[in-house]
Each structure stands twice: as structure tokens, then as C-alpha cells.
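Working through the structure, step by step
What follows is the residue order along each chain.
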Amino acid sequence: MNDGTDKWDWGAVSDFMPHFWDGVLTTLQILALGSLISFSLGLVWALLFRAPSRFVRWPVGIITEFIRNTPLLVQLFFFFFVLPEWDIQFSALTTGIIAIGLHYSTYTAQVYRAGIEAVPEGQWEAATALSLPYRHTWTAVILPQAIRRVIPALGNYVIAMLKDTPLLASIGVLELLQRSRLQAAETFQYTEALTVVGVAFIVIAYPSSLLLRALERRLVV
């Protein structure tokens, strides 16, 4: 007999699991595509920071500083509610992926910049001495060394991005937390759904952090 002290209901957990797996798939989709955007666009920002013309560097610096210093939630609302007024409209999921990828690209850009600046000056001088074309200097000499150095730091931002995916619920994306909230609102059993979600984030994030530490020991010398 339940005397009221037992607050955990395994039946509620069982009922939530189909929604849980849908939420996991959506969250991982956001994470994968958002990471792809942030890594690719971040590298573009980093290269533009080194453009010879200040008329390129200054606008890039202003744009990235603005994005980095405004909340992701504000950017999500801007993309989802303001852009449609200018006839630019995407689904909630696509909007969330673009917003989170763009936001974190400004952070990965700084990581790439640090990696590029850490490449020894002698590598640049050697490329010049060998008369390598400018494009080959970057693609064959500089970027391979720089990216190798920054992989662990980039991975840290993947984990940060994972922990920010629940913000996409604010624009109606049915990621993991939003599905748990909807399920709990129907059953009034919040403990089970939210606990399962919390454990899921730990299960995904903690092994990833261990992997990043191993990569850092292996790649960074």
C-alpha cells in the first residue's frame, strides 16, 4: 500500500520513454547540425579576422562581438518572431539550429584564432621560403596544425551547446526537456520525467568530457 511517502512511479517512467527517445533524437539532431554550423562558420570568422583590409576585420569584429554578448534566448526570439516580418521564415527546429550554430560560431572563432596564432612563426617562414601559394600555405601547413591544437576546446563548446538545447523549447522545439514538460503536464508527475531528462544529459555529457580530456592529452603537446 502506498502511504504517500513513495513518490516515484516507474509506470510514469515507462509511459514517458517513447517521448523520451523522440526528444533524444531531436536534441542530438540539434547538437550535430548546430555543431557543424558553429565549426564551419567559426573558421570563416577566424579567417576573416586575419583579412588584410580593416574594412573586413572591423565589421566582422562588431558582428561577432554583438552575437557573443547578447543572450542566445534573445537571438532565438529574434529569428523566430522578427525575421518572419521580413518574409524570412523557417520551422522552429531549423530556426533553433541556425540560431544556436550562429551563436556558438562566435566562440569557436576565438578558439580557431588562438590555434592559428599558436602555430610557430617558423612554419609561416618555411612556407614562404618554399614559395607555397597562399592557399596551400593555409590548407596544407597552417590549418592542419591549428585545428589539431583546438579540437579539445571545440569539444567543450559542443558540451555547452548540448546544455543550451533546452532553450529551444521557448520557440516550440520538441527537444528533450520540452517533451518531458508536456508529458508531465498531462500526468502531473514531474519528478519522473524531469529526473530521466537530467540523467540523460549527464549520461551524454560526462562521457563526452572524459573523451575530450583523453583527446587533449593525446593531441596537445
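Reference entry: report on the structure contained in this document. (Residues numbered from 1 in each chain as written. Predicted model: local features only at pLDDT ≥ 70, side-chain atom pairs only at ≥ 80, totals over all residues. Heavy atoms only, no water.)

Notes on the side chain of Thr165
Checked against the element boundaries, Thr165 lands in the loop between α6 (134-164) and α7 (176-187). Only 2.7 Å separates the side chain of Thr165 from the backbone oxygen of Leu162, close enough to count as a polar contact. Discounting residues that sit within four places of it in the chain, Thr165 has contacts with Thr27, Ile30, Ile100, Glu175 and Phe201. (Helix = DSSP H or I, 4+ residues; strand = E, 2+ residues; numbered from the N terminus. Polar contact = N/O pair within 3.5 Å; in protein donor to acceptor, adjacent residues only side chain to side chain. Contact = heavy atoms within 4.5 Å.)

Describing the side chain of His103
Structurally, His103 is set in helix α4 (residues 92-118). A residue is classified by how much of its surface remains accessible, and His103, at 6% relative accessible area, is buried. Not counting residues within four places of it along the chain, the set of residues in contact with His103 comprises Ile67, Arg68, Thr70, Pro71, Leu72 and Gln75. (Buried < 20%, exposed > 50% of the residue type's maximum accessible area, 1.4 Å probe, protein only.)

Digging into the packing of aromatic side chains
In total, this model carries nine aromatic pairs according to the counting rule given. With a centroid separation of 6.1 Å and an interplanar angle of 70 degrees, the aromatic rings of Phe78 and Phe79 are classed as edge-to-face. Judged by centre distance (5.8 Å) and plane angle (40 degrees), the ring pair of Tyr104 and Tyr107 falls under tilted. With Tyr104 and Tyr107 both in helix α4 and three residues apart, this pair spans about one turn of that helix. With a relative accessible area of 6%, Tyr104 lands in the buried category. Here the aromatic residues Phe16, Phe20 and Trp21 are joined through ring pairs into a cluster of three or more. A cation over a ring is seen here: Arg54 above Trp58, with NZ or CZ 5.7 Å from the ring centre. (Phe/Tyr/Trp six-rings, centres within 6.5 Å; stacked < 30°, edge-to-face > 60°. Lys NZ or Arg CZ within 6 Å of the ring centre and 35° of its normal.)

Digging into the packing of helix α2 (residues 54-68) against α4
Two numbers describe how α2 lies on α4: the axes approach to 9 Å, and their chain directions differ by 120 degrees. Regarding α2 and α4, the two cross each other, and that crossing is left-handed. Residue-level inspection shows Thr64, Ile67 and Arg68 of α2 in contact with α4, the latter providing Leu102, His103, Thr106, Tyr107 and Gln110. Partitioned by chemical class, the residues of the contact of α2 with α4 number three nonpolar, four polar and one charged. (Axes fitted to C-alpha atoms, helices over the stretch in contact; angles between N-to-C directions. Left-handed = near helix turned anticlockwise from the far one by under 90°. Nonpolar A, V, L, I, M, F, W, Y, C, P; charged D, E, K, R; others polar.)

Things to note about the nonpolar core
Residues Phe20, Ile100 and Leu176 are the most contacted members of the largest nonpolar core, which totals 35 residues. Of all the secondary-structure elements, those providing two or more residues to this core are α1 (10-49), α2, α3 (72-82), α4, α6 and α8 (190-219). Here Ile100 is in contact with Ile30, Gly34, Leu72, Met161, Asp164, Thr165 and Leu168, once residues within four sequence places are set aside. Membership of the second largest hydrophobic core comes to 14 residues, among which are Trp138, Val141, Ile142 and Val150. (Core = buried A, V, L, I, M, F, W, Y, C linked by side-chain atoms within 4.5 Å.)

Concerning the environment of Ile151
In this fold, Ile151 is placed in helix α6. Taking the relative accessible area as the measure of exposure, Ile151 reaches 33% and is therefore partly exposed. Put simply, Ile151 and Phe90 are 61 residues apart on the chain and 31 Å apart in space, counted from C-alpha to C-alpha.

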